[in-house]
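Notes for the structure review
Listed here are the chains, written in short residue letters.
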Amino acid sequence: MLDRHNQLTLTTSDTDVVVAVDGLEAALLRYGREVGDYLSGPGPSSDSAYALASAAAIHLFALTAPGRVRAQPYVAAAEEFAAAGTLHEQMFVAGIATWARGDLGEAKARHLVIAQQWPQDLLSAKILQFHQLNTGDFSGMLAGVDLIVRAQPQNGFVHGMRAFALEQCGELEAAERAGRKAIAMGHDPWAHHAVAHVLDTQGRAREGRSWAQRFGHEWAGCSSFLYTHNWWHAALFELSLGDEDAALDLFDTRIWGVRRDSVQDQINAVSLLARLELEGVDAGDRWADIAQHLASRIDDRANPFVDLHLAYGLARAGCDDAVADLLCDLDARARDGGRIEVAAARAATGFVAHARRQYSTAAKQIGSALGDAIGFGGSHTQRRLLDLLAADAASKASDRSRSVGGWARPVGSRPEMLSCAS
C-alpha cells in the first residue's frame, strides 16, 4: 500500500500507479485535455481497484452507450481487486460500478459517503457533482461540496466547485465570491464557468463579454467539453447584447467542430443554434452538419437533457426516422417510469413539434413539462432553452392563448432559481 498526495491509501506496490491516479485527479479538476492520457498509463493495467475504477469513470463520462461498454472490463477488474483494498477504495469502486449499471441514485449515495468520510478525495467529489448536475440535485450538490470545503479550505478547486453549486441554488452573491476566490488561488476554468453563470443569471452581459475576453486564453488547454461550453456561455452574452454575428462566429470557430463526436459538444451546438434561430439568424446548412453526428447517439439514453437536444437537432435536419425511434423509446420509458420520464417524453414531443414549426403542439407539450424539467439534468441556464422554445411557440401559435396555464415566460427571461440552504 502506498499513500497518495492527499494522504489516502492506494492498494498497490507501484509508485507509477499512484502518480497516475494523482495526475488524473489534477487533470479532472482543471478539465485538462490530458484526462484521456490516463487510459494509456499504468493505472488501467494495474491491480489497483481504485485505479481501474478511475479508468472506467473516464469512459462513463462520455455519456454514450459505447463508453458504457468500454467501461465494463475495468469495472469487472476493479470489483475483483476491491476485496484487497481499503474501505475507501471499496466504496469508490462500488460508486463507479453502480454508475456503470445506470443506478445514479445509488452511485450518488456511495460518493456522498466518500465526501463525508474521506473528503480529501477530490476525484470522487467531481464525480459526485457530475451526477448531481445530471439529476438536478442542486441542494444535494451544495451540501456535498460544503463537506469538501470544510475539510480543504486552502484548495482553490473546491471553492470553484462550491461556486457552481451556490449559483445553481440561487445564492448568487456568495457564488460570485467563491468563484473569484477560487480564481485568485490558481488556474480554474470551472470557476470561470461558475462566475459566468452568475453574470448571465444577473443579466450582466457586458461584464460577461469582458469576462470571456479576460480568461478565454486559459481555456485552450481544457477538454473539448469545458472549452466549448465556456465559449457557449460567451456566445450567450453576445446574444444578450444583440450581436448575433459574434455569437454565430463563436459557434463556427469555438463551439462546433472542436470534437464533433462528443455528446457535450453536440449539446452546446444544438442549444446555441436553436437560440440563434430564435433571434432570426439563418442557420444555413449547419443543422445537417450537426445531425450527421447526432444520429449515432439516439441509442445512448444518457439522460433526458441529452435526449431533448438530440430530438431537436435531428428534427430540424429532417431526420424523421431517427426522431421517430427516439420518441418511441421515450414513450416506452414514460409508460414504465415516473414523473420525470413522462415529462421528458412530453418535452421531446414538444421540441420536435417546435423544430417542425408545429407551434400549438410545441407550446402545449413543452409547457406541460416545465414543472419537472429540473430533473432532466443540465444547469438552469441550459434548461432555459425549454422556456425559450415554449414562449416562442406560444407567441406563434394560432390562438396565442395560455391554454396550458401560466407557465410561459417572455423570451429572454430567466427561470426562477432553486432556493437551497447552505
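Structure shown above.
Here's a quick rundown of the structure.

**A few points about the packing of aromatic side chains**
One pass over the full model with this rule turns up 11 aromatic pairs. For the pair Y31 and W190, a centre-to-centre distance of 5.1 Å together with 20 degrees between the ring planes defines the contact as stacked. With Y31 in the loop between α1 (15-29) and α2 (49-60) and W190 in helix α10 (residues 189-201), this pair connects stretches of sequence that are 159 residues apart. Of the two residues, Y31 and W190, neither departs from the other in class, the shared state being buried. Clustering of aromatic rings is evident, with ring pairs tying together Y31, F164, W190 and F225. Taking the ring centre of W231 as reference, the NZ or CZ of R254 above it sits at 4.2 Å.

**Here's the deal with the side chain of T64**
Counting through the fold element by element, T64 comes out in the loop between α2 and α3 (65-82). At a separation of 2.9 Å, a polar atom in the side chain of T64 contacts the main-chain amide nitrogen of G67. Aside from chain neighbours lying at most four places away, what touches T64 is R70, V263, R297 and D300.

**Section: the nonpolar core**
L272, I290, F376 and L386 are the most contacted members of the largest nonpolar core, which totals 109 residues. With residues up to four places along the chain from it excluded, the contact list for L386 reads L308, A347, F351, I366, L370, A373 and F376. The next biggest cluster of nonpolar side chains, apart from the first, holds 40 residues, and it includes L10, A53, I96 and I114.

**Concerning unusual backbone geometry**
Although it is not a glycine, Y31 sits at a positive phi angle of roughly 50 degrees. Taking the relative accessible area as the measure of exposure, Y31 reaches 14% and is therefore buried. Of note in this structure, R301 is not a glycine but carries a positive phi near 55 degrees. Along the chain, R301 falls in the loop between α15 (286-294) and α16 (304-316).

**Remarks on the side chain of H193**
With respect to the helices, strands and loops of the structure, H193 is situated in helix α10. In this structure H193 touches F164, L226, H229, N230 and H233, once residues within four positions along its chain are discounted.

**Here's the deal with the state of the cysteines**
Taken as a whole and judged by the stated rule, the model has 0 disulfides. Of all cysteine sulfurs in the structure, the one in C328 sits closest to C319, which takes part in no disulfide; the separation is 17 Å. Classification of C319 by relative accessible area gives partly exposed; the value is 26%.

**A look at the packing of helix α14 (residues 263-278) against α16**
The geometry of α14 relative to α16 is characterised by a closest axis approach of 9 Å and an angle of 55 degrees between their N-to-C directions. On the basis of their axis angle, the class for α14 and α16 is oblique. Here α14 runs over α16; the crossing is left-handed. Contacts between α14 and α16 involve V263, I267, V270, S271, A274 and E277 from the first element and F305, V306, H309, Y312, G313 and R316 from the second.

Criteria and cut-off values
Residues numbered from 1 in each chain as written. Predicted model: local features only at pLDDT ≥ 70, side-chain atom pairs only at ≥ 80, totals over all residues. Heavy atoms only, no water. Phe/Tyr/Trp six-rings, centres within 6.5 Å; stacked < 30°, edge-to-face > 60°. Helix = DSSP H or I, 4+ residues; strand = E, 2+ residues; numbered from the N terminus. Buried < 20%, exposed > 50% of the residue type's maximum accessible area, 1.4 Å probe, protein only. Lys NZ or Arg CZ within 6 Å of the ring centre and 35° of its normal. Polar contact = N/O pair within 3.5 Å; in protein donor to acceptor, adjacent residues only side chain to side chain. Contact = heavy atoms within 4.5 Å. Core = buried A, V, L, I, M, F, W, Y, C linked by side-chain atoms within 4.5 Å. Disulfide = S-S within 2.5 Å. Axes fitted to C-alpha atoms, helices over the stretch in contact; angles between N-to-C directions. Parallel < 35°, antiparallel > 145°, perpendicular 65-115°, else oblique. Left-handed = near helix turned anticlockwise from the far one by under 90°.

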